[in-house]
Amino acid sequence: MHVDTAITSRKSVRRFLDTPIDRATITHILRVANRAPSGSNIQPWKVHVVTGAVKDQLCQRLLNAVDNGQSDAPEYHYYPQNWFEPYLERRRRCGFGLYETLGIGREDKAKRAAQARRNFHFFDAPVALLITMDRRLETGSFMDCGMFIQSVMLAARGQGLHTCPQAAFAWHHALIRDELQLDDTELLLCGISLGYEDTQAPENAFITEREDIEGFVTFH
Ligand SMILES: Cc1cc2nc3c(=O)[nH]c(=O)nc-3n(C[C@H](O)[C@H](O)[C@H](O)COP(=O)(O)O)c2cc1C
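Let us look at the structure shown here. (Residues numbered from 1 in each chain as written. Predicted model: local features only at pLDDT ≥ 70, side-chain atom pairs only at ≥ 80, totals over all residues. Heavy atoms only, no water.)

## Observations regarding the packing of helix α3 (residues 52-67) against helix α7 (residues 173-180)
No. 1: Contact pair α3 / α7: the axes reach a minimum separation of 10 Å and the direction vectors enclose 150 degrees. Here α3 is positioned roughly antiparallel relative to α7, judged by the angle of their axes. α3 and α7 meet at a crossing whose hand is right-handed. Each of Val54, Gln57, Leu58, Arg61, Leu62 and Ala65 in α3 lies in contact with α7, whose residues at this interface are Leu175, Ile176, Asp178, Glu179 and Leu180.
No. 2: Per-class residue counts for the contact of α3 with α7 are 7 nonpolar, 1 polar and 3 charged. (Axes fitted to C-alpha atoms, helices over the stretch in contact; angles between N-to-C directions. Helix = DSSP H or I, 4+ residues; strand = E, 2+ residues; numbered from the N terminus. Parallel < 35°, antiparallel > 145°, perpendicular 65-115°, else oblique. Left-handed = near helix turned anticlockwise from the far one by under 90°. Contact = heavy atoms within 4.5 Å. Nonpolar A, V, L, I, M, F, W, Y, C, P; charged D, E, K, R; others polar.)

## Some points on the environment of methionine 143
No. 1: Positionally, methionine 143 belongs in helix α6 (residues 139-158).
No. 2: The class for methionine 143 is exposed, based on a relative accessible area of 57%.
No. 3: As a C-alpha pair, methionine 143 and valine 13 span 130 residues in sequence and 23 Å in three-dimensional space. (Buried < 20%, exposed > 50% of the residue type's maximum accessible area, 1.4 Å probe, protein only.)

## Describing the packing of aromatic side chains
No. 1: What the rule picks out here adds up to 8 aromatic pairs.
No. 2: Note on tyrosine 79 and tryptophan 83: the rings are 5.3 Å apart at their centroids and 40 degrees apart in plane angle, and the pair reads as tilted.
No. 3: Relative accessible area serves as the criterion here: at 41%, tyrosine 79 is assigned to the partly exposed category.
No. 4: For tryptophan 83, a relative accessible area of 26% gives the class partly exposed.
No. 5: By way of ring pairs, the aromatic residues Tyr76, Tyr78, Tyr79, Trp83 and Phe142 are connected into one cluster.
No. 6: A cation sits over an aromatic face here: arginine 91 above tyrosine 79, 6.0 Å from the ring centre.
No. 7: Sitting over the ring of phenylalanine 96, arginine 106 keeps its end group 4.0 Å from the ring centre. (Phe/Tyr/Trp six-rings, centres within 6.5 Å; stacked < 30°, edge-to-face > 60°. Lys NZ or Arg CZ within 6 Å of the ring centre and 35° of its normal.)

## What to know about the pairing of strand β2 (residues 127-134)
No. 1: Of all 8 residues in β2, 7 are buried; the element is thus mostly enclosed.
No. 2: As judged from the 6 bridges shared by strand β1 (residues 45-50) and β2, these two strands associate in the antiparallel manner. Across the sheet, the residue bridging to histidine 48 is leucine 130, located in β2.
No. 3: As paired strands, β2 and strand β4 (residues 186-195) are joined by 8 bridges and run antiparallel to one another. Looking across to β4, one finds that alanine 128 is bridged to serine 193. (Pairing = 2+ DSSP bridges.)

## Considering the pattern of salt bridges
No. 1: The tally for this structure, following the rule as stated, stands at 13 salt bridges.
No. 2: Taking the shortest distance from any N to any O, the salt bridge between aspartate 124 and arginine 15 comes out at 3.9 Å. Within this pair, whereas aspartate 124 is found in the loop between α5 (109-117) and β2, its partner arginine 15 is found in the loop between α1 (3-9) and α2 (23-33), the two being separated by 109 residues in sequence.
No. 3: With a shortest N-O distance of 2.6 Å, arginine 61 and glutamate 179 are connected by a salt bridge. Residue arginine 61 is located in helix α3, and its partner glutamate 179 is located in helix α7; the two are separated by 118 residues in the primary sequence.
No. 4: Salt bridges sharing partners connect three or more residues here, namely Arg15, Arg118, Asp124 and Glu203. (Salt bridge = Lys/Arg side-chain N within 4 Å of Asp/Glu carboxyl O.)

## Observations regarding the site of the ligand
No. 1: In the vicinity of the ligand lie 15 residues, with Ser12, Arg14, Asn119, Ala167 and Arg210 positioned nearest.
No. 2: Between the ligand and alanine 167 there is a distance of 2.8 Å, counted from a nitrogen atom to a backbone nitrogen or oxygen.
No. 3: Surface burial for the ligand is 74%, taken as the share of its 620 Å² of free accessible area covered by protein chains.
No. 4: With 3 residues, the single largest contributor to the shell around the ligand is strand β3 (residues 162-166). (Near = heavy atom within 4 Å. Polar contact = N/O pair within 3.5 Å; in protein donor to acceptor, adjacent residues only side chain to side chain. Areas by Shrake-Rupley, 256 points an atom, 1.4 Å probe, with all protein chains shown as cover.)

Now the structure itself:
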């Protein structure tokens, strides 16, 4: 696969087939992604691969928490406290675009919540990756981890697999810490669902838009 194809064919898949992924394939993806760059080559990422009964147990606890309205104060701010343009509008278009594809009305809060709830069983993916970094590191390491995360998603494309990066777990870090016995130094950044795309699912037909490059590039 050409690198451009790997990049442009990546999309957030939100319904996976239950086809299992073997350990060798997961290991291969992580080995490739591990070539991601990091300042001074400190390689700040850690990955928890969660499958099978451990994943079922984790998801059960997460879903119970969500259904009971429980969440944790996040350990890092992914989003601004107060949204502003042009980001607010882009965020709306992303959310409403997905709901429209699914035939969910903008005011249908119950169906929107049900869709959001699907995050917590990793959209039926057989493999859940949880990405952490050492909390004693600095802001620069978030860049390094971002590059690693994208590398995981691109290496997955190389294996014919799809992904969904998920910050939703940042609001449930304590539960995940307890269930997976994460070290105190580990800051949970996000999850990644990994598996084969259900190509029949309408939500997977949702392709997000992008600004033209004129919107963000200045040639000097
Ligand atoms: C770090 C990160 C966290 C995200 N968290 C979630 C999430 O919790 N749930 C979800 O459905 N999508 C999540 N997304 C997916 C974004 O909504 C998606 O990347 C964006 O809309 C662009 O669409 P695309 O990935 O299909 O190109 C996340 C993306 C990133 C990069």
